[in-house]
Amino acid sequence: MELIVAVDSNWAIGNKGDLLVSIPEDHKFFRQTTMGNVVILGRKTLAGFPNGLPLAGRDNIILSTNKDYKVKGAVVVHSKEELLETLKDYKDKTIFVIGGGTVYEMLLPYCKYAHVTKIDYKYEADTYFPNLDKLDNWRIVADSDEHTYFDLEFYFYKYENVSPLEY
């Protein structure tokens, strides 16, 4: 399992249910990386997508504690245990965790890789991602040169978890 996230300089990922910033090059990287694979996301993250619809070209698995919640074109699971059991059906694809905060926190220990876009700016935020630089089992295995979008500087990093949990 892998994850993909964009964070600011404080490892913030969102505010009031929205992304902190929209950077076209980061969206392109996200699209290219996840296309044809499996994405795992929470119900609130899905609600923030255009028309609240699952991402095209990917197998969408939505986590929701609401047993009656259904989404056309997606698999809905209601617990971590149900999710991990469901993932056995997708062994032939790369699985990406794409948010939000609660889903990232729940599945981070199972992820082997984290694709992190670090934006060199501090935003007002209410949702944060764990600081991988401060976790002993995570290390940077690839990074990019500086990229810019107007006056924003950002970098692409790939982290590896040296001891992911099996699922």
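In what follows, the structure referred to is the one given above.
Residues numbered from 1 in each chain as written. Predicted model: local features only at pLDDT ≥ 70, side-chain atom pairs only at ≥ 80, totals over all residues. Heavy atoms only, no water.

Draft legend 1. Layout of the overall build of the protein chain. A count of helices and strands for the protein chain gives four helices and twelve strands. At 15 Å, the protein chain has a C-alpha radius of gyration in line with the 15 Å of a compact globule built from 167 residues. Considering only C-alpha atoms, the protein chain reaches an extent of 45 × 35 × 30 Å along its principal axes. Counting only carbon and sulfur atoms, one obtains 49% of the accessible surface of the protein chain, whose full area is about 9,300 Å². (Helix = DSSP H or I, 4+ residues; strand = E, 2+ residues; numbered from the N terminus. Rg over C-alpha atoms; globule rule 2.2 N^0.38 Å. Areas by Shrake-Rupley, 256 points an atom, 1.4 Å probe, with all protein chains shown as cover.)

Draft legend 2. How the structure looks around the pattern of salt bridges. A complete count under the given rule lists six salt bridges for this structure. The residue D59 makes a salt bridge to K93 at a minimum N-O spacing of 2.6 Å. In this pair, D59 is assigned in strand β5 (residues 59–63) and K93 in the loop between α3 (80–86) and β7 (95–99), connecting sequence segments 34 residues apart. Relative accessible area serves as the criterion here: at 32%, K93 is assigned to the partly exposed category. (Salt bridge = Lys/Arg side-chain N within 4 Å of Asp/Glu carboxyl O. Buried < 20%, exposed > 50% of the residue type's maximum accessible area, 1.4 Å probe, protein only.)

Draft legend 3. Spotlight on helix α1 (residues 24–34). For α1, the complete set of buried residues consists of D26, T33 and T34. The buried residues of α1 occupy an angular sector of 85 degrees when the element is viewed end-on, so they sit on one face. Looking one or two residues beyond α1, the residue adopting positive phi is G36, at roughly 80 degrees. (Arc of directions from axis to C-beta.)

Draft legend 4. Spatial organisation of a negative patch on the surface. Together, D120, D143, D145 and E146 make up a negatively charged patch on the protein surface. In this fold, D120 is placed in the loop between β8 (113–119) and β9 (127–128). In this structure D120 comes out as partly exposed when scored by relative accessible area, which is 48%. (Patch = residues over 30% accessible without salt bridge, like charges linked within 9 Å, V, L, I, M, F, W, Y side chains within 5 Å. Lys, Arg positive; Asp, Glu negative; His and termini not counted. Charge placed at Lys NZ, Arg CZ, Asp CG, Glu CD.)

Draft legend 5. Main features of the nonpolar core. Counting residues in each nonpolar core, the largest one holds 30 residues, and the members touching the most others are M1, L3, I40, V97, F129 and L132. When residues of this core are traced back to their parent elements, those giving at least two are β1 (2–7), β4 (38–42), β5, α3, β7, α4 (101–107), β8 and β12 (152–161). Beyond its immediate sequence surroundings of up to four residues, V97 is in contact with M1, E2, L3, I4, I40, V103, Y104, L107 and C111. Core analysis: the next-biggest nonpolar cluster, separate from the first, contains twelve residues, I4, V39, F49 and I98 among them. (Core = buried A, V, L, I, M, F, W, Y, C linked by side-chain atoms within 4.5 Å. Contact = heavy atoms within 4.5 Å.)

Draft legend 6. Structural detail: the sheet that holds strand β2 (residues 12–15). The sheet built from three strands is open, its strands ordered β3-β2-β9 with antiparallel pairing. Each of the sheet's edge strands pairs with one partner strand only, and the pair in question is β3 (18–19) and β9. Relative to β9, β2 is paired through two bridges, and the arrangement is antiparallel. By the bridge assignment, G14 is partnered in β9 with T127. (Pairing = 2+ DSSP bridges.)

Draft legend 7. Spotlight on the environment of L107. Counting through the fold element by element, L107 comes out in helix α4. Owing to a relative accessible area of 0%, L107 belongs among the buried residues under this scheme. Once the C-alpha coordinates of L107 and T127 are considered, the two residues, 20 residues apart in sequence, prove to be 16 Å apart. Beyond its immediate chain neighbours, meaning those up to four positions away, L107 contacts M1, I40, L83 and V97.

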